[in-house]
Amino acid sequence: MTVEHDPRHPLVQQIASEVLRERLAGLPAELAAPLVGAQLRAKFEAMRASRPAATAELLPTGRGDADDALGYLLVDRSGEELRLVDLAVRAEARGRGVASAALGSLTAEADAAGRAITLSVWAGDPAERLYARHGFVRIEEAGAREDAAGGYVELRRPPRPTARQSSVCTGDTSTSSSSAQ
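Heads up: these notes are all about the structure in this document. The model shown is predicted, which means the values in this text are computed figures rather than measured ones.

### Some details on the overall build of the chain
Here comes step 1: When helices and strands are counted, the chain shows five helices and eight strands.
Here comes step 2: For the chain, the N- to C-terminal ordering of α and β elements is β-α-α-β-β-β-α-β-α-β-β-β-α.
Here comes step 3: Relative to its 181 residues, the chain shows a buried fraction of 38%.
Here comes step 4: Looking at the chain alone, contacts between residues at least 24 apart form 58% of all its contacts between residues at least 6 apart.
Here comes step 5: Of the roughly 10,800 Å² of accessible surface on the chain, 53% is carried by carbon and sulfur atoms.

Encoded structure:
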């Protein structure tokens, strides 16, 4: 069972701050610090305003250390579809499958519930390839977020039937056990 936290959890804020600082690499610390602070406040205020039901899940280090995390996942489960609001992984943990494992858990949850997952990503961001590997495709319908000025595109992953759902739909009972023998 995943523990859900308020997005204002100190570790979520710390990791988000680290990711924002990376984007400002090369700026002197005295200039970067106030920019990071302002961006962090704006980012989380906008998230709370648009997705008040979103919760944060810390991505564990695997060492059982409750005071540390490799990253976080912010998900809004309140609608018909799951909404991946944000996914961040610390720089030192990237390339080790942390984001992929988090997405795998989220897609398994969505599939079991028969729900799709939607998200927004900056067009051309390397994360778009990660999402594509997990079955996300660009939404090309009218009204989908494709903000040329902002550069965001909407992605959606439809639910996939689980093995149990597939056997029920097809009538295949080879994977089910029978108690009436």
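### Thoughts on the layout of surface pockets
Here comes step 1: The volume enclosed by the largest pocket comes to roughly 1,400 Å³.
Here comes step 2: Looking at the largest pocket, it is lined by 40 residues, and the ones nearest its centre are R23, D86, L87, D125 and Y131.
Here comes step 3: Where the lining of the largest pocket is concerned, the elements lending two or more residues are helix 1 (10-23), helix 2 (29-50), strand 4 (82-89), helix 3 (98-113), strand 5 (117-122) and helix 4 (127-133).
Here comes step 4: Broken down by element, the residue count for the lining of the largest pocket peaks at seven residues, all from strand 4.

### Overview of the pattern of salt bridges
Here comes step 1: Tallied over the entire structure, the rule returns 13 salt bridges.
Here comes step 2: The salt bridge partner of E18 is R90, with a shortest N-O separation of 2.9 Å. Here E18 is found in helix 1, whereas its partner R90 is found in the loop between strand 4 and helix 3, with 72 residues between them in sequence.
Here comes step 3: The salt bridge partner of E22 is R94, with a shortest N-O separation of 2.7 Å. Taken together, the residues E22 in helix 1 and R94 in the loop between strand 4 and helix 3 connect sequence positions 72 residues apart.
Here comes step 4: Among the residues examined, R94 registers a relative accessible area of 38% and is labelled partly exposed.
Here comes step 5: Residues joined in a network through salt bridges with shared partners are E4, E57, R77 and E109.

### As for helix 2
Here comes step 1: Helix length check: helix 2, at 22 residues, gives a terminal C-alpha distance of 31 Å against a target of 32 Å (1.5 Å per residue), a fit within 8%.
Here comes step 2: Among the residues of helix 2, those classed as buried are A32, V36, G37, L40, F44 and M47. In a view along the axis of helix 2, the buried residues occupy a sector of 135°, so they form one face of it. Exposed side of helix 2, more than 90 degrees from the buried face: E30, R41, A49 and S50 are the residues found there.
Here comes step 3: Its buried side turned inward, helix 2 meets helix 1, strand 3 (71-76) and strand 4.

### Looking at helix 1
Here comes step 1: When the terminal C-alpha atoms of helix 1 are compared, their 20 Å separation across 14 residues agrees well with the 20 Å that a helix rising 1.5 Å per residue should span.
Here comes step 2: Here helix 1 has its buried residues at L11, V12, Q13, I15, A16, S17, V19 and L20.

### As for the environment of G37
Here comes step 1: Residue placement: G37 occurs in helix 2.
Here comes step 2: Separated by 16 residues in the primary sequence, G37 and R21 have C-alpha atoms spaced 9.7 Å apart.

### Looking at a nonpolar patch on the surface
Here comes step 1: Residues L27, L31 and L35 make up a contiguous nonpolar surface patch of roughly 240 Å² in combined accessible area.
Here comes step 2: As for its position among the elements, L35 is in helix 2.
Here comes step 3: On the accessibility criterion, L35 (41% relative accessible area) is partly exposed.

Definitions and cut-offs
- Residues numbered from 1 in each chain as written.
- Predicted model: local features only at pLDDT ≥ 70, side-chain atom pairs only at ≥ 80, totals over all residues.
- Heavy atoms only, no water.
- Helix = DSSP H or I, 4+ residues; strand = E, 2+ residues; numbered from the N terminus.
- Buried < 20%, exposed > 50% of the residue type's maximum accessible area, 1.4 Å probe, protein only.
- Contact = heavy atoms within 4.5 Å.
- Areas by Shrake-Rupley, 256 points an atom, 1.4 Å probe, with all protein chains shown as cover.
- 1 Å grid on protein atoms, 1.4 Å probe; cavity = no way out; pocket = protein on both sides within 12 Å on 5 of 7 lines; lining within 4 Å.
- Points joined across faces, edges and corners; volume = space filled by probe spheres on them.
- Salt bridge = Lys/Arg side-chain N within 4 Å of Asp/Glu carboxyl O.
- Expected span 1.5 Å × (residues − 1).
- Arc of directions from axis to C-beta.
- Patch = residues over 30% accessible without salt bridge, like charges linked within 9 Å, V, L, I, M, F, W, Y side chains within 5 Å.

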